[in-house]
Amino acid sequence: MSRSAKTATRAALGRPLLVPLGRRPGTLGTVVFHPLGGGLLPYLGLVAHLSRHGPVYGVRALGLEEGEEPDTSIPDMADRYAELVATLPAPPGLFVGWSLGGILAFETARRMPAGRVPDLALIDSSPAPVGEGPEVYRAVRDQVLSEAATELDADALARTERTVDAHLGARAAHRAEGRHPGRTLLVTCTGSDDPEQSRRWAPHLTEVSVRSLDTDHFGVLRAPHLKQLRMHVQEFTGRQAHAGAHTPASDRERCSTIAATAAR
């Protein structure tokens with residue numbers, strides 16, 4: 001994508017792609033990358049935890065707002081997202097990605113300049129498609145759109161559906177390349193569509209810690225498994241664990257801010 005095209009894209013946006021989700025001062029800056037469909041709401045519970053240790057930003061996808069065209073290429077998305085992350089006041093120390101967000105986190109990290117490469121937390125994410133044909137991801141597509149339908153009006157739902165389909169095409173065409181030089185936390189699920197994630201990621205990761213959760217793809221970011229996921233991330237980042245069973249008042253306030261900012 002040319003610089004002039006990127007500038008034109010930014011000028012046309014009614015809402016930025018890189019949005020602050022938690023502003024608390026701290027040493028661990030984090031960026032979370034949108035999953036299939038482009039929104040950030042699935043990360044709400046995890047962001048409330050991460051924001052205790054530093055600023056958290058989220059990258060949403062093009063296509064969710066009126067007049068936007070969704071991306072159809074993962075390299076194009078990663079190029080754009082690396083440029084956005086480079087504008088942050090301090091280099092983030094952690095990229096987090098669930099589902100499609102994992103490959104986006106990996107590819108964006110590969111595009112960061114030397115000395116600014118973050119650690120990765122990849123959550124039930126695969127380095128390449130798990131099979132051929134649209135039926136492979138039909139269940140995931142149906143689940144994403146079913147949940148979106150409970151929260152969006154007809155126009156927004158139509159934009160989300162178009163974005164989901166664009167992302168599925170991008171996913172089907174892309175295989176991870178290269179190797180991440182930093183540390184990686186890989187969280188797999190027993191009910192994953194890709195039970196071979198660890199083996200398939202191995203050529204692309206230098207220093208990896210693998211953890212598993214006994215749930216399916218959508219359960220990993222939800223109670224009761226969210227608490228265990230928080231603990232795995234906490235252990236990986238080397239911070240004191242704070243994965244309590246309830247959300248304190250300060251976190252509830254941050255959750256409200258996240259929910260208002262993060263569109264599906």
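Just so we're clear, the structure is a prediction, and the values are computed from it rather than from any experiment. The residue numbering used here restarts from 1 in each chain and proceeds along that chain's sequence as written. For this predicted model, a pLDDT threshold of at least 70 governs which residues receive local features, and a threshold of 80 or more governs which side-chain atom pairs are given and counted, while totals over whole chains, interfaces and linings are taken from all residues. Note that water and hydrogens are dropped before the side-chain values are worked out from all heavy atoms of the structure.

Colleague: Can you break down the pairing of strand β2 (residues 30–33) residue by residue, with the values?
Modeller: Whether a residue is buried, partly exposed or exposed follows from its accessible area with a 1.4 Å probe, protein chains only, as a fraction of its type maximum: under 20%, in between, or over 50%, in that order. Every helix listed is a DSSP run of H or I at least four residues long, and every strand listed is a run of E at least two residues long, numbered separately from the N terminus. In β2, alternate side chains face the same way, and those of Thr30 and Val32 on one face and Val31 and Phe33 on the other are all buried. When the strands point away from the viewer and the connection leading from the first strand across the helix to the second strand turns clockwise, the crossover is called right-handed. Viewed along the sheet, the connection from β2 through helix α2 (residues 44–50) into strand β3 (residues 56–59) turns out right-handed. Looking at chain direction, β2 and strand β4 (residues 94–98) are connected through 4 bridges and run parallel. If you follow Phe33 over to β4, its bridge partner there is Gly97. Two strands qualify as a pair provided that DSSP identifies no fewer than 2 bridges between them.

Colleague: Which residues make up the nonpolar core, and what values go with them?
Modeller: Leu46, Val96, Val220 and Leu229 are the most contacted members of the largest nonpolar core, which has 33 residues in total. Those elements giving two or more residues to this core turn out to be β1 (18–22), α2, β4, β5 (119–123), α5 (138–149), α6 (154–173), β6 (180–191) and α8 (225–237). Per-element accounting of this core gives the leading share, 4 residues, to α8. By nonpolar core is meant a set of buried Ala, Val, Leu, Ile, Met, Phe, Trp, Tyr and Cys residues that side-chain atoms within 4.5 Å join together. Listed in part, the 30 residues of the second largest apolar core include Val31, Met77, Tyr81 and Leu88.

Colleague: How would you sum up α5? Please name residues and give values.
Modeller: Here the expected length of a helix is defined as 1.5 Å per residue gap, with one fewer gap than residues. Taking 1.5 Å as the rise per residue, α5 with 12 residues should run 16 Å; its terminal C-alpha atoms sit 16 Å apart, in good agreement. Taken residue by residue, α5 has Val140, Arg141, Val144, Leu145, Glu147 and Ala148 as its buried positions. Looking down the long axis of α5, one finds its buried residues gathered within 160 degrees of arc, a one-sided arrangement. Here a residue-residue contact requires only that any non-hydrogen atoms of the pair lie within 4.5 Å. In the core, the buried residues of α5 are packed alongside α6. This arc is taken over the directions from the axis of the helix to the C-beta atoms.

Colleague: Help me get a handle on the pairing of β4, residues and values and all.
Modeller: Judged by how many residues are buried, β4 sits mostly within the fold: 5 of 5 residues are covered. What joins β4 to β5 is helix α4 (residues 100–110), and the crossover it makes is right-handed.

Colleague: Break down the packing of helix α3 (residues 74–85) against α4 for me, citing the residues and quoting the values.
Modeller: Fitting a line to C-alpha atoms yields each axis, with helices limited to the stretch in contact; the angle taken between N-to-C directions then spans 0 to 180 degrees. The geometry of α3 relative to α4 is characterised by a closest axis approach of 9 Å and an angle of 60 degrees between their N-to-C directions. Taken together, the axes of α3 and α4 are oblique relative to one another. Here the hand of the crossing between α3 and α4 comes out right-handed. For the pair α3 and α4, contact is made by Ile74, Met77, Ala78, Tyr81 and Ala82 and by Leu100, Ile103, Leu104, Glu107 and Thr108, respectively. For the contact of α3 with α4, the residue count by class is 8 nonpolar, 1 polar and 1 charged. For classification, angles of less than 35 degrees are called roughly parallel, those exceeding 145 degrees roughly antiparallel, those between 65 and 115 degrees roughly perpendicular, and all remaining angles oblique. Two helices cross in a left-handed way if the nearer one is turned anticlockwise from the farther one by less than a right angle. They cross in a right-handed way if the turn is clockwise. Nonpolar residues are Ala, Val, Leu, Ile, Met, Phe, Trp, Tyr, Cys and Pro. Charged residues are Asp, Glu, Lys and Arg, and all others, Gly as well, are polar.

Colleague: Can you tell me about the environment of Phe95, naming the residues and giving the values?
Modeller: Relative to the assigned elements, Phe95 resides in strand β4. Overall, Phe95 belongs to the buried group, its relative accessible area being 0%. Once the C-alpha coordinates of Phe95 and Val32 are considered, the two residues, 63 residues apart in sequence, prove to be 5.9 Å apart. Residue contacts for Phe95: discarding those within four places in its chain leaves Val31, Phe33, Val85, Ala105, Thr108, Ala109, Met112, Pro118, Asp119, Leu120 and Ala121.

Colleague: Give a description of unusual backbone geometry that names residues and reports values.
Modeller: For the peptide bond that leads from Ala223 to Pro224, omega is 5 degrees, which places it in the cis range. In this fold, Pro224 is placed in the loop between β7 (205–216) and α8. A positive phi angle, close to 60 degrees, is found at Ser99, a residue other than glycine. Tracing the chain through its elements places Ser99 in the loop between β4 and α4. Backbone geometry at Asp124 places phi at a positive 45 degrees, although glycine is not the residue there. Mapped onto the elements, Asp124 comes out in the loop between β5 and α5. Assessed through its relative accessible area of 4%, Asp124 is described here as buried.

Colleague: Which residues make up the side chain of Glu68, and what values do they have?
Modeller: Summarising the element assignment, Glu68 is placed in the loop between β3 and α3. Looking at Glu68, its side chain comes within polar contact range of the main-chain nitrogen of Leu64, at 3.4 Å. In the analysis that follows, any N or O atom pair within 3.5 Å is treated as a polar contact, provided that within protein one partner can donate a hydrogen and the other can accept it, and provided that, for residues neighboring in sequence, both atoms belong to side chains.

Colleague: Please give an account of the confidence of the model for the chain that cites residues and values.
Modeller: Note: predicted coordinates in regions of low pLDDT should not be interpreted at a detailed level. Every residue carries a pLDDT, the predictor's confidence in it, which falls somewhere between 0 and 100. Of the residues in the chain, 84% have a pLDDT of 70 or more, and the chain-wide mean is 86. In this model, residues 1–13 is a region of pLDDT below 50 whose contacts with residues beyond four sequence positions or in other chains number 12 contacts.

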